[in-house]
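# Chains, contacts and geometry: an overview
Read off the chains here:
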Amino acid sequence: MNRLLILFLLVLGASAQAGDWWDKEWTIRKKITVDTTAKGAAIDDPIGTTVALIRLHSGNYKFEAGREDLSDLRFVADDNKTLLTYHFERVEAQLQDAFVWVKLPEVKPGASTTFWLYYGNTGPKAVNVSDSKATYDADTVLVYHFGERNAPPSDFTKNGNNAQAAGVGLDGALIGGGLRLLGAPLTVPAAESLGWKDGAPATISFWFKLPVLQPKGVALSRREDDRGFAMGIDNGIPYVEVTDASGTRRTPAGAPVAVGTWSHLAMVAEGGKITLLLNGVSYGTVTGGLPALAGPLLIGGDTVEGATGLKAELDELVVSKVARPLGALKLAALTQGGDPASKAMVFADDEGGGSGGGHGGHMDVIVNSLTLDGWLTIVILAFMAALSWYVMFTKVGYLNKVSKGNQLFMKEWGKLASDLTALDSGDGASIKSLGGRVDEKGQRALRKSSVYRLYHIGSEEIRHRMAVEHSDRALSGRSIQAIRAALDGGLVREKQVIDRLIVLLTICISGGPFLGLLGTVVGVMSTFAGVAAAGEVNVNAIAPGIAAALLATVAGLAVAIPALFGYNYILSRVKEATADMHVFIDEFVTKMAEFYSGKEEERAAARTNAVPLTAASLMALLQNYYRANHNAENTPATVR
């Protein structure tokens with residue numbers, strides 16, 4: 001029973017895990033892992049809150065399984081409860097391509113952070129809940145995706161720092177659309193959220209691709225009086241340059257970037273140091289903080305004499321008023337680059353899939369659509385199934401031991417039955433060993449035999465009768481009947497042991513289907529009640545609920561059918577064991593009556609043939625006695 005309880009807890013835990021689904025109306029889910037361990041991104045620096053790019057394509061997402069505009073898309077934290085905010089940069093369902101940005105509240109270095117992508121719901125609840133303004137925190141002051149067509153770049157944060165004029169759009173950039181810089185700058189108007197105080201922290205990052213090497217190319221700049229800031233690429237060498245009252249300072253030159261490839265460039269200003277990162281790796285530093293600047297921000301140009309606007313392709317410009325952790329910038333470079341070999345973000349196989357297929361198949365959709373009452377029915381049926389299998393396995397094992405023991409005993413009993421002297425010898429060891437024929441090892445095997453236990457009852461009764469009647473191997477008819485009654489009582493007790501728990505199989509056989517049917521009826525009622533509440537009939541919403549309700553009936557039959565087969569098999573084995581005991585009792589009583597009733601019959605016959613003692617006989621005996629010991633003449637008259 002302890003093992004049965006453990007099994008039930010395991011089944012209950014597995015059922016709870018299988019039912020750990022955020023919302024049953026979403027039929028497909030996929031686990032996404034951000035891996036910063038040595039096997040993945042190998043990031044040891046702090047990361048914290050970050051906005052991760054999710055690239056969806058035909059290889060990791062079934063566009064035909066949900067809504068065409070991806071409005072059924074949901075991102076859920078690892079607890080399967082907390083919804084994560086997200087927004088779309090681009091959705092091309094016909095091309096099976098989409099870019100989604102998801103806010104991850106906490107990503108730890110050297111660990112794996114998992115969350116869920118849910119989709120596959122075409123019901124009324126599948127409305128678009130994307131929100132770009134909620135995706136970015138308050139410290140992010142400007143985000144350009146450059147996906148606009150013939151329109152100024154739009155700020156995706158709540159600050160509304162939109163550009164003044166439209167740039168030259170670029171199709172097929174690194175992440176959706178991009179901006180083609182041709183040397184003419186694009187202006188972002190001055191705003192309070194974009195202002196820098198002297199030495200203020202800040203972070204700027206963007207992706208760029210150089211068509212050719214260009215000297216003194218400026219990607220971003222800000223100028224105000226004798227203070228200035230510039231960030232660009234000079235003949236393939238990225239740099240950050242700041243100008244203040246102490247002069248102009250630039251990061252030292254490093255290795256140039258390759259022409260025609262996308263590179264991630266980031267600047268982090270904190271305290272009295274500015275760090276330049278290329279593809280998430282520190283590229284150079286310059287002492288001194290940012291100057292106080294509140295003027296416009298120029299993209300792709302500068303107002304200083306001798307500077308030239310950068311001719312390049314630009315994508316994903318992000319400006320923050322805090323110093324972002326270096327680990328977050330490295331993670332962004334690895335996850336946004338689109339390198340198939342990168343292991344920083346891993347997409348698991350779909351779970352579920354519905355009629356459209358998928359790795360989970362139809363059963364996942366059914367399981368995911370189970371309601372609370374359905375799960376309760378399934379758990380009860382799982383317990384009944386575990387109980388029936390426990391009874392079947394233990395009972396078959398017990399009957400196998402009984403059958404093997406009975407065969408061994410009957411083999412030795414055939415030799416003992418011809419001479420039952422060992423049964424009345426008064427030696428318990430002789431009785432246990434069947435007159436010395438079975439050793440200790442054989443006796444341990446015989447103890448599992450029901451017939452051997454009946455033999456013990458009969459032999460003990462014989463010993464007891466012999467001691468009470470003080471007879472010379474003779475038993476009366478009443479004693480034999482009493483011994484048979486004791487053997488019949490032992491048979492009843494053995495039958496009770498064999499039949500123990502078998503009634504549970506009959507309960508599972510008869511109760512399982514009815515309990516499953518009850519779960520199905522309740523599930524169907526709940527499904528139609530939901531349809532009535534929604535006010536519209538949607539086969540995609542009804543079908544999973546009906547299928548899940550029918551799962552309860554399937555579970556009930558799955559409990560009853562094996563129990564039925566096992567019950568019939570066990571019943572046949574029980575009949576065999578019972579027949580063995582009946583045969584032995586009849587044979588034992590017959591042999592006992594034949595062996596122990598002979599002396600009693602001889603004494604009865606002797607009593608029948610004896611001559612009665614009369615008064616004349618007594619006188620004759622007395623006269624003979626006196627004649628032998630005295631003279632006849634002296635025999636007293638009284639004696640005569």
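Residues numbered from 1 in each chain as written. Predicted model: local features only at pLDDT ≥ 70, side-chain atom pairs only at ≥ 80, totals over all residues. Heavy atoms only, no water.

The subject of this paragraph is the overall build of the protein chain. When you go through the protein chain residue by residue, the secondary structure sums to 13 helices and 23 strands. In the protein chain, buried positions account for 44% of the 640 residues. For the protein chain, contacts bridging at least 24 residues in sequence account for 73% of all contacts bridging at least 6. With an accessible surface of roughly 31000 Å², the protein chain has 58% of that area assigned to carbon and sulfur atoms. (Helix = DSSP H or I, 4+ residues; strand = E, 2+ residues; numbered from the N terminus. Buried < 20%, exposed > 50% of the residue type's maximum accessible area, 1.4 Å probe, protein only. Contact = heavy atoms within 4.5 Å. Areas by Shrake-Rupley, 256 points an atom, 1.4 Å probe, with all protein chains shown as cover.)

What follows deals with the sheet that holds strand E3 (residues 74-77). The strands making up a sheet are joined through hydrogen bonds of the backbone, oriented either antiparallel or parallel. In spatial order, the strands read E4-E3-E7-E1-E23; together these 5 strands make up an open sheet with antiparallel pairing. Of all the strands in the sheet, just strand E4 (83-84) and strand E23 (345-352) have a single pairing partner and so form its edges. Looking at chain direction, E3 and strand E7 (residues 112-119) are connected through 4 bridges and run antiparallel. Considered in E7, the bridge of phenylalanine 75 is made with leucine 117. (Pairing = 2+ DSSP bridges.)

Here the focus is the sheet that holds strand E2 (residues 48-57). Taken in spatial order, the 3 strands of this open sheet run E2-E6-E5, and their pairing is antiparallel. The open sheet terminates on both sides in strands that have one partner only, identified here as E2 and strand E5 (86-92). Across the sheet, the axes of successive neighbouring strands diverge by a mean angle of 20 degrees, strand direction being ignored. Both E2 and strand E6 (residues 97-107) contribute to a ladder of 9 bridges, which runs antiparallel. Residue isoleucine 54 lies in a different strand from E6, and its bridge partner there is valine 100. (Axes fitted to C-alpha atoms, helices over the stretch in contact; angles between N-to-C directions.)

The next thing to look at is helix H3 (residues 326-336). Counting buried positions along H3 yields 8 of 11 residues, so the element is predominantly enclosed. The set of residues buried in H3 consists of Gly327, Ala328, Leu329, Leu331, Ala332, Ala333, Thr335 and Gln336. Residue glycine 338 follows H3 closely and has a positive phi angle near 75 degrees.

With 79% of its residues at a pLDDT of at least 70, the protein chain reaches an overall mean of 83. A low-confidence stretch, residues 14-18 stays under pLDDT 50, and its non-local contacts, those more than four residues away or across chains, total 5 contacts. Across residues 599-611, where pLDDT falls below 50, the model places 8 contacts with residues more than four positions away in sequence or in other chains. (pLDDT = per-residue confidence, 0-100.)

Turning our eyes to something else, we now look at unusual backbone geometry. Apart from glycine, the bulk of residues carry a negative phi angle, and the bulk of peptide bonds sit in the trans form. If you check the backbone angles, asparagine 279 has positive phi at about 55 degrees while not being a glycine. With respect to the element layout, asparagine 279 can be found in the loop between strand E18 (273-278) and strand E19 (281-287). Unlike most non-glycine residues, glutamate 316 shows phi in positive territory, near 55 degrees. Position of glutamate 316 relative to the elements: it lies in strand E22 (residues 311-320).

What follows covers the pairing of strand E15 (residues 237-244). Judged by how many residues are buried, E15 sits mostly within the fold: 6 of 8 residues are covered. With 7 bridges connecting them, strand E14 (residues 227-234) and E15 associate as antiparallel partners. Bridging from a neighbouring strand, alanine 230 pairs with glutamate 241 of E15. Connecting E14 to the antiparallel partner E15 that follows it, the hairpin turn spans 2 residues, and asparagine 235 within it adopts a positive phi of roughly 55 degrees. Sheet topology places E15 next to strand E16 (residues 247-250); 4 bridges connect them, and they run antiparallel. Considered in E16, the bridge of aspartate 244 is made with glycine 247.

Attention now goes to the side chain of asparagine 80. Inspection of the secondary structure puts asparagine 80 in the loop between E3 and E4. Within polar-contact distance, the side chain of asparagine 80 engages the side chain of tyrosine 118 at 2.5 Å. (Polar contact = N/O pair within 3.5 Å; in protein donor to acceptor, adjacent residues only side chain to side chain.)

This paragraph deals with the packing of aromatic side chains. Summed over all chains, the structure comprises 13 aromatic pairs. A centroid spacing of 5.3 Å and a plane angle of 65 degrees characterise the contact between phenylalanine 75 and tyrosine 86, whose relative ring orientation is edge-to-face. With phenylalanine 75 in strand E3 and tyrosine 86 in strand E5, this residue pair connects regions lying 11 residues apart in the sequence. Overall, the relative accessible area of 2% leaves tyrosine 86 in the buried class. With a centroid separation of 5.2 Å and 90 degrees between ring planes, the pair formed by tryptophan 196 and phenylalanine 229 is classed as edge-to-face. Linking tryptophan 196 in the loop between strand E11 (186-188) and strand E12 (202-209) with phenylalanine 229 in strand E14, this pair joins segments that are 33 residues apart in sequence. An identical accessibility class is assigned to tryptophan 196 and phenylalanine 229; each is buried. (Phe/Tyr/Trp six-rings, centres within 6.5 Å; stacked < 30°, edge-to-face > 60°.)

Next up on the list: a positive patch on the surface. There is a patch of like positive charges on the surface, built from Lys401, Lys404, Arg444 and Lys448. As for its placement among the helices and strands, lysine 404 is situated in helix H5 (residues 372-416). (Patch = residues over 30% accessible without salt bridge, like charges linked within 9 Å, V, L, I, M, F, W, Y side chains within 5 Å. Salt bridge = Lys/Arg side-chain N within 4 Å of Asp/Glu carboxyl O. Lys, Arg positive; Asp, Glu negative; His and termini not counted. Charge placed at Lys NZ, Arg CZ, Asp CG, Glu CD.)

Right, let's talk about the pattern of salt bridges for a bit. Under the definition given, this model contains 19 salt bridges. For the salt bridge of aspartate 137 with arginine 324, the shortest nitrogen-to-oxygen distance reads 3.0 Å. In this pair, aspartate 137 sits in the loop between helix H2 (132-135) and strand E8 (140-144) while arginine 324 sits in the loop between E22 and H3, placing the two residues 187 residues apart along the sequence. Judged by its relative accessible area of 23%, aspartate 137 falls in the partly exposed class. Using a relative accessible area of 18% as the deciding quantity, one classes arginine 324 as buried. Note that glutamate 494 and arginine 453 form a salt bridge whose closest N and O atoms lie 2.6 Å from each other. In this pair, glutamate 494 sits in helix H9 (residues 477-499) while arginine 453 sits in helix H8 (residues 450-469), placing the two residues 41 residues apart along the sequence. According to the relative accessible area criterion, glutamate 494 is buried, its value standing at 10%. One salt-bridge network, in which partners are shared between bridges, spans Lys30, Lys62 and Asp350.

Our next topic: the pairing of E8. For E8, the buried fraction is high: 5 of the 5 residues fall into the buried class. Relative to E22, E8 runs antiparallel, the two being bridged by 4 bridges. Within E22, the position partnered with valine 143 by the bridge is valine 318.

Side chains of Leu557, Ile561, Leu564 and Phe565 sit close together on the surface and give an oily, nonpolar patch of about 380 Å² of accessible area. Position of isoleucine 561 among the secondary structure elements: in helix H11 (residues 539-596).

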